[in-house]
Amino acid sequence: WEAHDEVPTDLGRRVEREIRSERASRLAAIAVTAAFGLAVPWWAILSRRVDVVVLAIAVWAFIAVCWAVAWNIGRGPARPASATTTAFLDFAILSCERRHRTISAATVLYLAMLMFNLAWVYQAQPDPAATAAFLLSRRLVAVYVISAVLGALAIWSRRKVSRELHNLADLRRQLGG
């Protein structure tokens, strides 16, 4: 099975889907970088507000951290090393491991950005309320709901990827790899 030239159809489809997904994620990251990396500094220039300059600097810091994390997670081959079952299985396992690490990293980065943005919005108020009053205000309900949904989605996705990784590892063991 290891050097067999014909890769099982399901495994081949899975790997091609992973490659397309990674390519789409990279394009989305470029689009987000361009949108926020240009719009926020432009706003800072036009507004001439110190707090918006701080926001622009933070946006670029977050962009740099996100790209560094993405580069670190994405190291390694972008496709199977050869057209063998072993290479396709190895790549499928690597892709699952990358998605697993990406979910963890995205969660940490989201929380860091959320905390920064809450602090930035709080300090930008003309008459800042008490911290507890600000954090419990109605205007943040949508932020908390969205965060809860994203948290639940992250937990669900991480469990799904863990199951996929476990199944792929089992397949590797069954096939003697």
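This text goes with the structure placed above it.
For clarity, every value in this text was computed on a predicted model and none was experimentally measured. (Residues numbered from 1 in each chain as written. Predicted model: local features only at pLDDT ≥ 70, side-chain atom pairs only at ≥ 80, totals over all residues. Heavy atoms only, no water.)

**Section: the overall build of the chain**
Regarding its fold elements, the chain presents 5 helices and 0 strands. If you list the helices and strands of the chain from N to C, you get α-α-α-α-α. Relative to a compact globule of 177 residues, whose C-alpha radius of gyration would be 16 Å, the chain shows 21 Å and is clearly more extended. With the C-alpha coordinates aligned to their principal axes, the bounding extent of the chain is approximately 70 × 30 × 20 Å. Nonlocal contacts in the chain, meaning residues at least 24 apart in sequence, comprise 72% of its contacts between residues at least 6 apart. The average position of the 21 basic charges and that of the 13 acidic charges among the side chains of the chain differ by 8 Å. (Helix = DSSP H or I, 4+ residues; strand = E, 2+ residues; numbered from the N terminus. Rg over C-alpha atoms; globule rule 2.2 N^0.38 Å. Contact = heavy atoms within 4.5 Å. Lys, Arg positive; Asp, Glu negative; His and termini not counted. Charge placed at Lys NZ, Arg CZ, Asp CG, Glu CD.)

**Description of the packing of helix α3 (residues 85-124) against helix α5 (residues 141-174)**
Put simply, α3 and α5 touch, their axes get as near as 10 Å, and they point 160 degrees apart. Comparing the axis directions of α3 and α5 gives the class roughly antiparallel. In this structure, α3 crosses over α5, and the sense of that crossing is left-handed. In the contact of α3 with α5, the residues fall into 14 nonpolar, 7 polar and 6 charged. (Axes fitted to C-alpha atoms, helices over the stretch in contact; angles between N-to-C directions. Parallel < 35°, antiparallel > 145°, perpendicular 65-115°, else oblique. Left-handed = near helix turned anticlockwise from the far one by under 90°. Nonpolar A, V, L, I, M, F, W, Y, C, P; charged D, E, K, R; others polar.)

**Section: a positive patch on the surface**
A surface patch of positive charge is lined by R17, R20, R23 and R26. Mapping R20 onto the fold places it in helix α1 (residues 9-47). (Patch = residues over 30% accessible without salt bridge, like charges linked within 9 Å, V, L, I, M, F, W, Y side chains within 5 Å. Areas by Shrake-Rupley, 256 points an atom, 1.4 Å probe, with all protein chains shown as cover. Salt bridge = Lys/Arg side-chain N within 4 Å of Asp/Glu carboxyl O.)

**What to know about a nonpolar patch on the surface**
Judged by side-chain polarity, I146, L150, L153 and W156 come together as a nonpolar surface patch covering roughly 400 Å² of accessible area. Of note, W156 is situated in helix α5.

**Let's talk about the packing of α1 against helix α2 (residues 50-73)**
Between α1 and α2, the shortest axis-to-axis distance is 8 Å and the interhelical angle comes to 165 degrees. Taken together, the axes of α1 and α2 lie roughly antiparallel to each other. Crossing angle aside, the handedness with which α1 passes α2 is left-handed. For the pair formed by α1 and α2, the contact residues are R26, A29, I30, T33, F36, G37, V40, P41, W43, A44 and S47 on the first element and V52, V53, L55, A56, V59, W60, I63 and W67 on the second. Split into classes, the residues belonging to the contact of α1 with α2 amount to 15 nonpolar, 3 polar and 1 charged.

Bear in mind that shape data such as this cannot, by itself, settle questions of function.
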